[in-house]
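Observations on the model geometry
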Amino acid sequence: MDDSIIQGFSKFNKQERIDALIRKYGFQEDLDKWLATFENSDVSIQKLIEDMSENPVSSFHLPFTIAPNFVVNGKNLFFPLVSEESSVVAALANAAGYWARRGGLHAEVLGTEKKGQVHFIWNGNPEYLRSLFPEIRSKLLAESDFLTTKMKQRGGGITGIELKSLPQILPNYFQLDVGFETCDAMGANFINSCLEQFGKSLQEYFRTSGKVSVNNRECEIIMAILSNYTPESRVRAWVECRVTNLLDGKLPQECELFARKFEQAIRISQVDVSRAVTHNKGIFNGIDALAIATGNDFRAIEACGHAFAARNGLYAGLTDIQLQDGKFRFSIELALAVGVVGGVTAVHPMAKLAMKILDNPSAKELMMYLAVAGLASNFGAVKALVSVGIQQGHMKMHLSNIMNQLQIPEVNRAEIQQYFQDKTVSYSAVEEYWLTIN
Ligand code: MEV
């Protein structure tokens, strides 16, 4: 066997993992000390963080930031955001304050059903299977009762089971398409446990019921897994104001021009995939930052959001606009599944703080806050794009990264910031100016 292949890495202790890093990459012997500087000084907290993952050697920090002034359905909140992109946080904070002065942001949940499937092959007549399905359904529900009792007590459980025959995908291919209500939980473990149990019950039915002929007695379970696409778990958020109130201190004609350009930008995102992807990336700048801060699975949220963006057969921007009767109405609709109990949300100390900052929201409230964060982020981006452009703000924000890269001492930074107030920021421009004053 190739002796560069490491066996049993997960059984190594932390020092052994770091030693392996040093051996492979020739890092300095005291790498462990350097890595330790990124760890929490409270050993129990560090253990908590490391226990969340596999093979840790240290911690990786991102800024935990605050955007104030989010007035959502009349409630005034700070949004906790984890993002390495300073302009994202600045744009969210600006948009929140902007809309707080124009009646706030609004949101409503349109549904909360989650989905999962048992994928299986059965070599038989779909109509006959359909005729047996009421009996099969009863067996599936009865035999998963031990898994669903608690969730039912909380008002959730299995909301429906549909049998789908899909020979166009594979010969003799069927699905059990199952709906779930998981209340305040993300519910991934609950859903997957139920689906795996359904798979077992289904196989047993074919083996033992005597209702299927000897030839097609067996069914083959391909897999049983939740779907991160949750089109029935949906949320909408919107803002509105008079067009003439869009720009502070500007003439009505300027506001109208801005509204028209904003509308054109949205229309482009709805039909042009190149623009739609970037447009939606801007939306997820806000959604992910809030999802990460609250310990939610942002990959699941993104995957679902992008599939929803393509629900009509064309990948499109997720926001919409109406300019009517002198009013500007800007909205987003999103398929989204989140949890506020269990998982990282209940374990990570910063996620717990984020939940407190949001006044311990229900899953439905968090869905609304995420949609609002996406809308605000998109508003900020498109507003800049159709007016001053994006680079002015971006590069101003990026200035501190550049100064860090150039290792400019703290005492000189204010002067550099002052100098670049009205100038274009770039790495070479900052470097050149630094050389002249240094
Ligand atoms: C940058 O992170 C996000 C934007 O490109 C989004 C957009 O173009 O709408 C500014």
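Residues numbered from 1 in each chain as written. Predicted model: local features only at pLDDT ≥ 70, side-chain atom pairs only at ≥ 80, totals over all residues. Heavy atoms only, no water.

Details of the pattern of salt bridges
Under the criterion given, the structure shown has 21 salt bridges. Between Glu232 and Arg234 there is a salt bridge, and its shortest N-O distance comes to 3.9 Å. Assessed through its relative accessible area of 42%, Glu232 is described here as partly exposed. Linking Glu333 and Arg234 is a salt bridge whose minimum nitrogen-to-oxygen distance equals 2.8 Å. Of this pair, Glu333 sits in strand 10 (residues 327-335) while Arg234 sits in strand 8 (residues 233-242), and the two are 99 residues apart along the sequence. Using a relative accessible area of 21% as the deciding quantity, one classes Arg234 as partly exposed. Beyond isolated ion pairs, a larger network of salt bridges with shared partners links Glu108, Glu232, Arg234, Arg236 and Glu333. (Salt bridge = Lys/Arg side-chain N within 4 Å of Asp/Glu carboxyl O. Buried < 20%, exposed > 50% of the residue type's maximum accessible area, 1.4 Å probe, protein only. Helix = DSSP H or I, 4+ residues; strand = E, 2+ residues; numbered from the N terminus.)

Details of the sheet that holds strand 10
Strand order in the open sheet formed by four strands is 3-8-10-9, and the pairing between neighbours is antiparallel. Where the open sheet ends on each side, the last strands, each with one partner, are strand 3 (106-112) and strand 9 (319-324). Between one strand axis and the next, the sheet turns by 20° as a mean value, whatever way the strands run. Relative to strand 10, strand 8 runs antiparallel, the two sharing nine bridges. Considered in strand 10, the bridge of Ala237 is made with Ile332. (Pairing = 2+ DSSP bridges. Axes fitted to C-alpha atoms, helices over the stretch in contact; angles between N-to-C directions.)

A look at the site of the ligand
All residues adjacent to the ligand are Glu85, Arg275, Thr278, His279, Lys281, Gly282, Asn285, Ala381, Leu385, Ile390 and His394. Residue Glu85 places a side-chain N or O atom 2.6 Å away from an oxygen atom belonging to the ligand. Contact with the protein chains hides 87% of the accessible area of the ligand, taken as 300 Å² for the molecule alone. Comparing atom positions with the cavity grids shows the ligand to sit within the second largest pocket. Breaking the shell around the ligand down by element, the ones donating at least two residues are helix 9 (273-293) and helix 12 (363-385). Split into classes, the residues belonging to the shell around the ligand amount to three nonpolar, five polar and three charged. (Near = heavy atom within 4 Å. Polar contact = N/O pair within 3.5 Å; in protein donor to acceptor, adjacent residues only side chain to side chain. Areas by Shrake-Rupley, 256 points an atom, 1.4 Å probe, with all protein chains shown as cover. 1 Å grid on protein atoms, 1.4 Å probe; cavity = no way out; pocket = protein on both sides within 12 Å on 5 of 7 lines; lining within 4 Å. Sits in = over half its atoms within 2 Å of the grid points. Nonpolar A, V, L, I, M, F, W, Y, C, P; charged D, E, K, R; others polar.)

Structural notes on the pairing of strand 2 (residues 75-82)
With seven bridges connecting them, strand 1 (residues 64-72) and strand 2 associate as antiparallel partners. Paired with Ile66 across the two strands is Pro80, which belongs to strand 2. Where strand 1 folds back on strand 2, the antiparallel hairpin that results is connected by two residues, among which Asn73 adopts a positive phi of roughly 50°.

Quick notes on the sheet that holds strand 4 (residues 114-122)
An order of 5-6-4-7 is seen for the four strands of this open sheet, with the pairing classed as antiparallel. Of all the strands in the sheet, just strand 5 (157-165) and strand 7 (219-227) have a single pairing partner and so form its edges. Recorded for the sheet is a direction-independent mean angle of 15° between the axes of neighbouring strands. Sheet topology places strand 4 next to strand 6 (residues 173-181); eight bridges connect them, and they run antiparallel. In the sheet register, Lys114 faces strand 6, and the bridge partner there is Phe180.

Some words on the environment of Tyr433
Note on placement: Tyr433 falls in helix 15 (residues 427-437). Look at Tyr433 and you get buried, because its relative accessible area is 14%.

Section: a nonpolar patch on the surface
Taken together, the side chains of Ile169, Leu170, Ile222, Met223 and Ile225 define a hydrophobic patch exposed on the protein surface, amounting to about 430 Å² of accessible area. Taking relative accessible area as the criterion, Ile222 reaches 41% and is therefore assigned partly exposed. (Patch = residues over 30% accessible without salt bridge, like charges linked within 9 Å, V, L, I, M, F, W, Y side chains within 5 Å.)

That is the geometry; function is a separate question.
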